[in-house]
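Descriptive analysis of the structure
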Amino acid sequence: MKAIRRFTVRPVLPDPLRPLSDLARNLRWSWHAETRDLFKSVDPERWAASGGDPVRLLGSVPPARLAELAGDGSFLRRLAAAADDLRDYTTGERWYQAQSDELPAAIAYFSPEFGITAALPQYSGGLGILAGDHLKAASDLGVPLIGVGLLYRHGYFRQTLSRDGWQQEHYPVLDPNELPVAQLEEPDGSPAQVALALPGGRQLHARIWLAQVGRVPLLMLDSDVEENDLGERGVTDRLYGGGSEHRLLQEMLLGIGGVRAVRTYCRLTGHPEPEVFHTNEGHAGFLGLERIAELCARGLDFDAALESVRAGTVFTTHTPVPAGIDRFDRELVARHFGPDAELPRIDVDRVLRLGMESYPGGEPNLFNMAVMGLRLAQRANGVSLLHGNVSREMFSGLWPGFDADEVPITSVTNGVHAPTWVAPEVFRLGARQIGDRRAEEAMTLGGSERWDSVADIPDQDIWDLRRVLREQLVEEVRERLRASWRQRGAGTAELGWIDGVLDPDVLTIGFARRVPSYKRLTLMLRDRDRLMDLLLHSERPVQIVVAGKAHPADDGGKRLVQELVRFTDDPRVRHRIVFLPDYGMAMAQKLYPGCDIWLNNPLRPLEACGTSGMKAALNGCLNLSVLDGWWDEWFQPDFGWAIPTADGAGTDPDHRDDIEAAALYDLLEQRVTPRFYERGRSGLPDRWIEMVRHTLSLLGPKVLAGRMVREYVERLYAPAALSHRATGPDAARDLAAWKGKVRAAWPGVTVDHVETSASEALAELGTTLALRVRVGLGELGPDDVEVQVVSGRVDEEDRIGDATVVPLKPVGSPDQDGRWVYEGPLSLDRTGPYGYTVRILPAHRLLASSAELGLVAGPSEEMVEAAGLLMR
């Protein structure tokens, strides 16, 4: 029989056990081993059945067991110690509090998904896991972040397989009352809500749920409320589901509703208002519009409000291809803004202009969320060094006249939250070497001096640890594989072979990630005979564990999954290669430590960062990867292998896959497997163990989310906070007026004449030439611009590389034609073909970059031709 109504009945804890509720509601338990051990001791069987979720555990423990624990002095002492530790963690001074007073009082961090724990399934892949790790690391460091996201009633989908290996999607309903979240309430006890205006006089209401991530509050908006019609209730139904309008409403709720939720939270709790707003990918870009509307309501005009908002905004792009960016039809966006909808006081054309692709090659009728994010943020970054380069090229149309390397998009390479991803066995080995406290600091703060002690761990200890982790993975794989085959319709009698799947003494390769085509899930199948030879080698076999979800709408990705599953079903190899459905955080936490090799073979340079290999590395797993994302930046032969690529512009995709698959097989056959199986004098694979040691000691401090968050604080949040404070209402008006003046006057800015003291086309190294430049500034003055000489070695096409930029100084007053003369030195500090040019850029103390306005004036082509060889 089916119930006609559903309730969530919460347990009533005896008074001595009340602190358990606080521990369960703070998600720090998801990365704090002692707290998890405490909950496990409440009832080990129910803890396992709850999937390691304290809220579900406490809802299932019988009252008799709770009464027993309430009288257990040993348990109560452990409980008191855990509660005291959490209190110290959430209120004590940490790294951030020891820094300068100029840091922001608070930062709001917006993301469409957050991967905190499997008990709160609000993530689909790397973007969400990265956002979750960002919050956890901020909490560990004491950074006053406020996370903002949506609470999806179905989360992302659960994945199973049909009998023939086709991906099946399931969307279980999540009841917020059964999740580790609490409803934000007004003083009278009513639910705190935000509302958005919709076309036709309708409204979209959403309540605010609070997940406490250590010290960091995470606000999650949920539209499934009684005040909404059925259509509006479904806005937060699924992560990345629905059509264009559904997606647009999700992103308006995240950005606009999210700002309103932050204001509500700060009003109710007294939390400092954010000085910096961080937009994690373009999905939350509308947050800038809401903040502009707030300032307009206080008397600023749109242009001044825009400058004020830009000053305190950071935008992070995670997308290396234009197709990965959300773009909406301009008419759809226009319908949702203006007098009859949201932000009625802002002219719809001003809204549209922020997102239009008004540059060569752009689609003029599409509204681009990443373009809006960049226009609304004074500071922007990619997520690895290589991705920063790709992003500058990809978005260079927004800064015409500038070389790609001058486009104001920097990079902060992603990191991962070590306490979440490091296996307890790995942590204990480190703690045995340097003590618990220093081991915790090594995982949160980093610092090579804390990781150098890995060099002193005996080889035998490292090898024994690696085998224990491999053995645990084998058990996990068999259990999950058995469950998967039952879901596919197999009977118990058919599944005896699973007891022989994988071997804890065989080299184990892991490959787990989302399944878009560029990640090339099936590259390993390119030559099936060679793969079979590797899997079944009599002396040096390998075994492979694969997992990953294709997007529900991506039939191409589903076909890749099916192709791989059908190969893994082959009785000849199914004991050596497996596909595990429903990849998520719980599986990942077993998979990364248990693998010896982490495989990554995307099409370069389409992997923005790719953090799964970082999590594997923190557990002593070696990386075997294409030089893309973070691996391009940090690869060394000491701790892994680089798969050669054939990424020339003219390479046929199929031919490229053949070449790179062959390179992968060669590496495995000739270098990887021999290194794993060869034994030194001690009977151990000492060269392999040395690579594990280098992975931990050299990569360990680099791949930490703590390192990443510190970089965000120092390089982006702190400067953004200073800009925010400097761009008050009057300064914002002045800056907006100045920009308007400069844009209007720029057609009259010219480089009229350049002369140098050089008389020959040859000069000696170390020579300093005197430059004299005559420029026209039109309606502008020297205080509005900077005149620069740009010099360096030149290529065959006279392009200046590795340029040196030196500002020139005005001399005297304008001449009778209104022209100004600038002078300065030009040092010839490199040999070979050398050239220089002169340019004029806008200059203002509140600009974060001289390229910010996208305006530059230089010599005419005629002047360059007349200048001869030096003026290149």
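These figures come from a predicted structure and were not determined experimentally. (Residues numbered from 1 in each chain as written. Predicted model: local features only at pLDDT ≥ 70, side-chain atom pairs only at ≥ 80, totals over all residues. Heavy atoms only, no water.)

1. Regarding helix H10 (residues 287-297)
The buried fraction of H10 is high, at 9 of 11 residues. By the burial criterion, the buried members of H10 are Leu287, Gly288, Leu289, Glu290, Arg291, Ile292, Ala293, Glu294 and Leu295. Downstream of H10 by a residue or two, Gly299 has a phi angle that is positive, lying close to 110 degrees. (Buried < 20%, exposed > 50% of the residue type's maximum accessible area, 1.4 Å probe, protein only. Helix = DSSP H or I, 4+ residues; strand = E, 2+ residues; numbered from the N terminus.)

2. A word on the pairing of strand S1 (residues 107-110)
The alternating pattern of S1 places Ile107 and Tyr109 and Ala108 and Phe110 on opposite faces, both of which are buried. As judged from the 4 bridges shared by S1 and strand S2 (residues 145-150), these two strands associate in the parallel manner. Residue pairing across strands places Phe110 opposite Val148, the latter belonging to S2. For the segment spanning S1, helix H7 (residues 126-141) and S2, crossover handedness is right-handed. (Pairing = 2+ DSSP bridges. Right-handed = clockwise from strand over helix to strand, strands pointing away.)

3. Remarks on the sheet that holds strand S24 (residues 800-807)
As summarised here, the arrangement of the 3 strands in space is S24-S23-S27, forming an open sheet in which the pairing is antiparallel. Among the strands making up the open sheet, the edge pair consists of S24 and strand S27 (834-842). Adjacent strand axes in the sheet meet at a mean angle of 30 degrees, parallel and antiparallel pairs treated alike. Sheet topology places strand S23 (residues 785-794) next to S24; 6 bridges connect them, and they run antiparallel. What sits directly across from Val794, in S24, is Ile800. (Axes fitted to C-alpha atoms, helices over the stretch in contact; angles between N-to-C directions.)

4. Points about the sheet that holds strand S25 (residues 809-811)
An order of S21-S22-S26-S25 is seen for the 4 strands of this open sheet, with the pairing classed as antiparallel. Strand pairing shows two members of the sheet lacking a second neighbour, strand S21 (750-756) and S25, which therefore form its edges. Sheet twist, expressed as the mean angle between neighbouring strand axes with direction ignored, is 30 degrees.

5. Points about a negative patch on the surface
Taken together, the side chains of Glu34, Asp37, Asp436 and Glu440 make up a negatively charged region of the molecular surface. For the negative patch, the secondary-structure elements that each account for two or more residues are helix H2 (33-42) and helix H18 (436-444). Relative to the helices and strands, Glu34 resides in helix H2. Glu34 sits in the partly exposed class, given a relative accessible area of 45%. (Patch = residues over 30% accessible without salt bridge, like charges linked within 9 Å, V, L, I, M, F, W, Y side chains within 5 Å. Areas by Shrake-Rupley, 256 points an atom, 1.4 Å probe, with all protein chains shown as cover. Salt bridge = Lys/Arg side-chain N within 4 Å of Asp/Glu carboxyl O. Lys, Arg positive; Asp, Glu negative; His and termini not counted. Charge placed at Lys NZ, Arg CZ, Asp CG, Glu CD.)

6. Structural notes on helix H22 (residues 555-568)
Its 14 residues place the ends of H22 20 Å apart at the C-alpha level, agreeing with the 20 Å of an ideal helix rising 1.5 Å per residue. Within H22, the full set of buried residues consists of Gly557, Lys558, Leu560, Val561, Gln562, Leu564, Val565, Phe567 and Thr568. Looking at the buried side of H22, the elements it contacts are strand S3 (158-161), strand S4 (167-170), helix H21 (528-536), strand S16 (542-547) and strand S17 (577-580). Where H22 starts, the residue carrying a side-chain oxygen 3.2 Å from the main-chain nitrogen of Gly556 turns out to be Asp554. (Expected span 1.5 Å × (residues − 1). Contact = heavy atoms within 4.5 Å. Polar contact = N/O pair within 3.5 Å; in protein donor to acceptor, adjacent residues only side chain to side chain.)

7. Digging into the packing of aromatic side chains
Following the criterion strictly, the structure yields 20 aromatic pairs and no others. Between Trp630 and Trp631, the aromatic rings sit 5.3 Å apart at their centres with planes inclined by 70 degrees, giving edge-to-face as the arrangement. Counting every residue linked through ring pairs, the aromatic cluster contains Trp463, Trp641, Phe676, Tyr677 and Trp688. Above the plane of the ring of Tyr89 lies Arg28, whose end atom (NZ or CZ) is 4.2 Å from the centre. One Lys or Arg, Arg470, reaches over the ring of Trp463 and ends 5.4 Å from the middle of that ring. (Phe/Tyr/Trp six-rings, centres within 6.5 Å; stacked < 30°, edge-to-face > 60°. Lys NZ or Arg CZ within 6 Å of the ring centre and 35° of its normal.)

8. Details of the side chain of Thr160
Secondary-structure assignment places Thr160 in strand S3. Of note is the side chain of Thr160, whose polar atom sits 2.6 Å from the side chain of His170. Sequence-distant contacts of Thr160, defined by excluding residues within four places in its chain, comprise Trp166, Gln167, Gln168, His170, Gln487 and Pro581.

9. Quick look at the packing of helix H17 (residues 424-434) against H18
Relative to each other, H17 and H18 sit at 125 degrees, their axes nearing to 7 Å. The angle between H17 and H18 places the two elements in the oblique class. Crossing angle aside, the handedness with which H17 passes H18 is right-handed. Seen from H17, the contacting residues are Phe427, Gly430, Ala431 and Ile434; seen from H18, they are Asp436, Arg438, Ala439, Glu440 and Met443. Taken together, the residues that form the contact of H17 with H18 break down as 5 nonpolar, 1 polar and 3 charged. (Parallel < 35°, antiparallel > 145°, perpendicular 65-115°, else oblique. Left-handed = near helix turned anticlockwise from the far one by under 90°. Nonpolar A, V, L, I, M, F, W, Y, C, P; charged D, E, K, R; others polar.)

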